[in-house]
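Below, each chain spelled out in residue letters.
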Amino acid sequence: LGRDVASRLLYGARVSLVVGLSAVLVAGVVGVLLGLLSGYHRGWLDDALMRLGDIQLAFPVLVLAVAVLAVLGSSLLNLVLVLGVTGWITYARIVRGQVLSLREREFVDAARALGAGDGYILRRHVLPGVLPPITVVATFSVARTIIAEASLSFLGLGIPAPQPSWGAMLDEGRNYLTTGWWLALFPGLAILVL
């Protein structure tokens, strides 16, 4: 078709990184907020959020994403939202576990004794303690999200056709493996390396 594979790989990298970073940002913000609330207040809120997370974990991420994208249609925004919303539970569980430990510490009791409110304690004393493990999880989640985006694009449910995506390029190149092997090799290598 006369398309430059190298320039499409570069533009596809931009799409993959935007989807990966944006979806992880959505999942991280939602998961950290719900994990903070769940772990700090416990009770019925904790039970409801963790059971909702258990229900969501019962469905594989790609199957859930395929179902939602088939109904909503494929676009960059829908892809980011679907991948972001399906990833919040990982962050919520990690933050909840950290908050359950931190809320019993002496510095939280001291802040509470000095009259600090729950919002101040969460923002000033608890949140800094949960950020290091969240940073590690977010780093690994970017790669997982990029692979999910490439998988959905390979299936035809990712980024719409005019925009290059590594998964879509891999799908298009699959048809020409005997005559133009480089059309599938380089997008596959890009996904592997990233």
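As the structure is a prediction and not an experimental result, all values here were calculated from the model. Numbering of residues starts from 1 in each chain and follows the order in which that chain's sequence is written. Totals for whole chains, interfaces and linings use all residues, but because this is a predicted model, local features are given only for residues with pLDDT of at least 70 and pairs of side-chain atoms are given and counted only at 80 or more. For side-chain calculations, the full set of non-hydrogen atoms in the structure is used, while hydrogens and water are omitted.

Draft legend 1. Layout of the packing of helix α1 (residues 5-41) against helix α5 (residues 88-102). Orientation is described by lines fitted to C-alpha atoms, with helices fitted over the stretch in contact, and by angles between N-to-C directions that extend from 0 to 180 degrees. By definition, any uninterrupted DSSP run of H or I lasting at least four residues is a helix, any uninterrupted run of E lasting at least two residues is a strand, and each is numbered from the N terminus. With their axes 7 Å apart at the nearest point, α1 and α5 run at an angle of 35 degrees to one another. Here α1 runs over α5; the crossing is right-handed. Of α5, the residues touching α1 (which contributes V24, A27, G28, V30, G31, V32, L34, G35, L36, S38, G39 and Y40) are W88, Y91, A92, V95, R96, V99 and L100. Three categories are distinguished: nonpolar for Ala, Val, Leu, Ile, Met, Phe, Trp, Tyr, Cys and Pro, charged for Asp, Glu, Lys and Arg, and polar for the others, with Gly belonging to the last. When its residues are assigned to classes, the contact of α1 with α5 shows 13 nonpolar, five polar and one charged. The handedness criterion is simple: a crossing whose near helix is rotated anticlockwise from the far helix by less than a right angle is left-handed, and one whose near helix is rotated clockwise is right-handed. By definition, residues are in contact when any of their heavy atoms lie within 4.5 Å.

Draft legend 2. View of the pattern of salt bridges. Every case where a carboxyl oxygen of Asp or Glu lies within 4 Å of a side-chain nitrogen of Lys or Arg is listed as a salt bridge. Applying the stated criterion across every chain yields a total of eight salt bridges. Close ionic contact of R103 with E104 constitutes a salt bridge, the shortest N to O distance being 3.0 Å. Taken together, the shared-partner salt bridges connect R42, R103 and E104 into one network.

Draft legend 3. Up close: the side chain of Q56. Here Q56 is to be found in helix α2 (residues 43-57). Leave out the neighbours within four places in its chain, and Q56 touches L64, V85, T86, G87 and W88.

Draft legend 4. Structural detail: the environment of I94. Position of I94 relative to the elements: it lies in helix α5. When the C-alpha atoms of I94 and I134 are compared, they prove to be 7.5 Å apart, with 40 residues separating the residues in sequence.

Draft legend 5. Looking closely at the layout of surface pockets. Definitions used throughout: a 1 Å grid over protein atoms alone; a cavity as a set of points that fits a 1.4 Å probe which cannot get out; a pocket as an open set with protein on both sides within 12 Å along at least five of seven lines; a lining residue as one with an atom within 4 Å of a point. Grid points are joined across faces, edges and corners, and a volume is the space filled by probe spheres set on the points. Each pocket or cavity is described by its volume, and for the second largest pocket that value is around 180 Å³. Around the second largest pocket, the lining residues are V24, L25, G28, V29, V32, L33, Y91, L131, I134, T135 and A138. Put simply, the parts of the chain that give the lining of the second largest pocket at least two residues each are α1 and α7 (118-154). The element contributing the most residues to the lining of the second largest pocket is α1, with six residues. Taken together, the residues of the lining of the second largest pocket break down into nine nonpolar, two polar and no charged.

Draft legend 6. Geometry of unusual backbone geometry. Backbone geometry places R42, a non-glycine residue, at a positive phi of 50 degrees. Mapping R42 onto the fold places it in the loop between α1 and α2.

Draft legend 7. Summary view of α7. To estimate how far a helix should reach, multiply one less than its number of residues by 1.5 Å. Relative to the 54 Å expected for 37 residues at 1.5 Å per residue, α7 spans just 46 Å between its end C-alpha atoms, considerably shorter than the ideal helical length. Axes are fitted to the seven residues ending at a residue and to the seven starting at it; the angle between these axes is taken as the bend at that residue. Along α7, the sharpest kink reaches roughly 50 degrees, centred on L127 and followed within four residues by the proline P128. Following α7 by one or two positions, G156 adopts a phi angle in the positive range, close to 90 degrees.

Draft legend 8. Up close: the environment of A13. Looking at the secondary structure, you find A13 in helix α1. Relative accessibility decides the category of a residue: with a 1.4 Å probe and only protein chains considered, values under 20% of the type maximum give buried, values over 50% give exposed, and everything between is partly exposed. Look at A13 and you get buried, because its relative accessible area is 19%. For the pair A13 and V136, spaced 123 residues apart in sequence, the C-alpha to C-alpha distance is 22 Å.

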